[in-house]
Amino acid sequence: MPVGIFRVCLVVITAIVNHPLLFPKENGTVLENTEEIIQKMKEREESLRLEQLRLEQEIADQEATQKTLENAAEVVEEIKEEKIRWDMWTAFSMVVFLLIELWRQDFQEGNWQDTGGEEDDMAVLGKAFKGVAFPDKAVLASFYEKRILGTTGDMARMREMVEGFADDLLEALRSVCNRDADMEVEDCMGVGSMYENWRVRKPFVCDLIVPFAPPEPYCFRSQIWCSGDSFPPDEQGYGTIKVCRAGEDATGCICDKTKLGEDMLCLLHSQTNTTRPSSEMEDLLCFKNTQYLDANQVMKWFQIAVTKAWNRISHKYEFDLSFSLLDLPGALKIKFKSGKSIAFNLTPVVQYENSDVYFISHFPRSGLAADLPSSTHWFLTFAVYERRFIQLVSKALPANACHVSCLQILAFLHGKQCSLTGPSGLTNYHLKTVMLHLLQARPSQDWAPEKLEARLQDMLKFLEKCLHEKKLYHFFIGNGKVPAELGFPIIFQRAEPLNLFRPFVLHRDVYRKTVDTFHEMLRNTSALINEYTVHIPLAHTNGIHKESL
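Notes on the structure follow. (Residues numbered from 1 in each chain as written. Predicted model: local features only at pLDDT ≥ 70, side-chain atom pairs only at ≥ 80, totals over all residues. Heavy atoms only, no water.)

Following the criterion strictly, the structure yields 28 aromatic pairs and no others. Taking the centre distance of 5.1 Å and the plane angle of 55° together, the rings of Phe143 and Phe412 count as tilted. Placement of Phe143 in helix 4 (residues 137-148) and of Phe412 in helix 10 (residues 403-421) is noted, with a sequence separation of 269 residues between them. For the pair Phe143 and Phe412, a shared accessibility class is recorded, and that class is buried. Ring geometry for Phe165 and Phe344: centres 6.1 Å apart, planes at 85°, overall edge-to-face. Taken together, the positions of Phe165 in helix 5 (residues 151-176) and Phe344 in strand 8 (residues 341-351) put the pair 179 residues apart, joining distant regions of the chain. For the pair formed by Phe165 and Phe344, the shared burial category is buried. Taken together, the ring pairs in this structure connect Trp225, Tyr352, Phe359, Phe382, Tyr385, Phe389, Phe475, Phe476, Phe488 and Phe492 into an aromatic cluster. Over the ring of Tyr385 we find Arg388, and its NZ or CZ is 5.7 Å from the ring centre. Above the face of the Tyr511 ring, Lys470 is positioned so that its terminal group lies 4.5 Å from the ring centre. (Phe/Tyr/Trp six-rings, centres within 6.5 Å; stacked < 30°, edge-to-face > 60°. Helix = DSSP H or I, 4+ residues; strand = E, 2+ residues; numbered from the N terminus. Buried < 20%, exposed > 50% of the residue type's maximum accessible area, 1.4 Å probe, protein only. Lys NZ or Arg CZ within 6 Å of the ring centre and 35° of its normal.)

This is the structure we're talking about:
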């Protein structure tokens, strides 16, 4: 617009300056040819008018073009805003859809509803208990005294015998091994139900773990699923063990991971030791062509070493020793000449850093559990900390507390029911996990011996709720309330909680079988307990009820 106005002004000024009347001749007279001059002035005026019209048209065209561009920019902006709004609504709709789908999966098995907080859940029995005649305190006390209490002495004698023999066997194993080439075996430790005093079903089996370490100059470098690297869901709870030289970085040199040219040489490693012979790593029980410890190789090595050790000391004992299960490296059985036998598990493990968490080569599996991802993946066991936690909490509980009694009765009922209807997805470890959660959740006075019936119902109620939700979290993993006195590694407390019932989501048939077995166990509770209970007179039972009131 300013350019156009300037051009019009310039034409007008030029016309005025060039006008013939502005500069008259020297004599001051008018030109004789007046008509010719007037005609030229009219023509000039006409040309200026046309030029002015042309300039005005150009200015109008420029204004129209600018307005069109401004309108187009506004339309584009509106389209962008509309697209953003649409994307937001699409994302919001997807989130709502996912939430609805998660809610449907959690509740499609039934109409389970929480009627209150945690205390209400523990105080009100679930729908599975409706119509179930639950034994009273007198019947439970009589059953516990007759069927379970008497086994405590048997367990103590068996533990003492097995531990003594295991120590002798491991000492012989060290003597037959090459100290410069074979794995170094440490002293064994007792874990599990036999050492936590709650195993009830025979045959009694002692579980012993044996830590081992590589010979010098090698060491183990472990990596667990919660150490920061991404692990798939089926590998949660597992880790890998890498065999390295003592001064070597766990990640290794780049010359081990890439092919250098023929004219290139690693400045850190000479040509003689850039790669280790595969036979050397296999001697260190690694998976073929890797530095990762292989559980199958460890199993073969341990079985051969135990066999050699037994051959050295067998003349000292008047019984035979054999492997009872081929798929477990240390499932041993002592056979006496009388025909009696004692079974125990001697399982090699690897210590995780400087803690009492261990990588276990082979773990007793149930039908619920999935297979190992590979033989280089090791399951982590927290059995030592579980035993310590029970011992620590027991010090603050009343005398003759009922926590172990509840677990023993529940394990007995579940075992009896499985013997009648077949195995289910529940294991004794699940039952112990339920007890550990309740030990932490309830005050110590709630575990007085006279509250055995109430606490047993709490455990059944908690287990029923977990089965409905398909969620039973590992007690230690993701639990920030673990007592500091245990010295539990902080990395596991900060990890995401590990759902022990996750396989139920993947195996619906196993889940349905487990739920049916649990409900059948509830219906048969009175019958199973009365079968092993001394008859109690009705008057005595009433007297106990009045006393409790």
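Moving on: unusual backbone geometry. In the segment running from Lys202 into Pro203, the intervening peptide bond is cis, with an omega of 5°. The topology assignment puts Pro203 in the loop between helix 6 (193-196) and strand 3 (205-213). A positive phi angle is found at Asn400, which is not glycine, with a value near 55°. Residue class for Asn400 comes out exposed when judged on its relative accessible area of 68%. Look at Lys470: it is not a glycine, yet its phi comes out positive at around 55°. Residue position: Lys470 is located in the loop between helix 12 (452-469) and helix 13 (490-493). Overall, the relative accessible area of 8% leaves Lys470 in the buried class.

This paragraph deals with the pattern of salt bridges. Per the stated rule, a full pass over the model turns up 17 salt bridges. Here Lys316 and Asp168 are joined by a salt bridge, their closest N and O atoms 3.0 Å apart. Remark: Asp168 occurs in helix 5 and Lys316 occurs in the loop between helix 8 (295-313) and strand 6 (319-323); sequence separation between them is 148 residues. Bridged by salt links that share partners, the residues Arg442, Asp446, Lys451, Arg455 and Asp458 form one connected network. (Salt bridge = Lys/Arg side-chain N within 4 Å of Asp/Glu carboxyl O.)

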